[in-house]
Amino acid sequence: KMASGFGAWNAEKMASGFGAWNAEKMASGFGVNGSTGRCYQFFLDYEKCMNASDKPAACRNQREDYMECLHHKKEIARLRLIALEKEKQAQPGYAAKV
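Every value quoted in this text rests on a predicted model; they were computed, and no experiment measured them.

What counts as what
- Residues numbered from 1 in each chain as written.
- Predicted model: local features only at pLDDT ≥ 70, side-chain atom pairs only at ≥ 80, totals over all residues.
- Heavy atoms only, no water.
- Disulfide = S-S within 2.5 Å.
- Helix = DSSP H or I, 4+ residues; strand = E, 2+ residues; numbered from the N terminus.
- Buried < 20%, exposed > 50% of the residue type's maximum accessible area, 1.4 Å probe, protein only.
- Axes fitted to C-alpha atoms, helices over the stretch in contact; angles between N-to-C directions.
- Contact = heavy atoms within 4.5 Å.
- Nonpolar A, V, L, I, M, F, W, Y, C, P; charged D, E, K, R; others polar.

Q: Mind showing me how you'd approach the state of the cysteines here?
A: Two cysteines joined by a covalent bond between their sulfur atoms form a disulfide. Scanning all chains against the criterion turns up 2 disulfides. Note on cysteine connectivity: Cys49 is disulfide-linked to Cys59, with sulfurs 2.1 Å apart. In this structure the cystine formed by Cys49 and Cys59 twists about its S-S bond by roughly -90°; its chirality is therefore left-handed. Placement of Cys49 in helix H3 (residues 40-52) and of Cys59 in the loop between H3 and helix H4 (60-71) is noted, with a sequence separation of 10 residues between them. Side by side, Cys49 and Cys59 carry an identical accessibility label, which is buried. Numbered by position along the chain, the disulfide-linked cysteines of the chain connect as 1-4, 2-3.

Now the structure itself:
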């Protein structure tokens, strides 16, 4: 007999082969307050592309958009560059190159 709760749900899904595609599947489409998640539309675009394409490489841009929405790596890198440039310009004797 299976236990109740998330462990039971997870064990049932894994036993049914759900785990094979689970790594590429979004955990849920719901946001914090029960509304649509902020990245759900990006996930749908990526999923639609993957279902329509024979080559995963064809969906690189959609995957990149989805991952950026989830993790903000490009945004964070850009903000770091901006902060470094501001620090550089704040140094005494800095002359802007025009």
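Q: Which parts of the structure should I look at to understand the packing of H4 against helix H5 (residues 73-90)?
A: Packed helices, taken two at a time, are described by the angle their axes make and the gap between the axes. For the pair H4 and H5, interaxial distance at closest approach is 6 Å and the crossing angle is 65°. From H4, Glu64, Glu68 and His71 reach across to H5, where they touch Lys73, Lys74, Glu75 and Ile76. Its residues assigned to classes, the contact of H4 with H5 shows 1 nonpolar, 1 polar and 5 charged.

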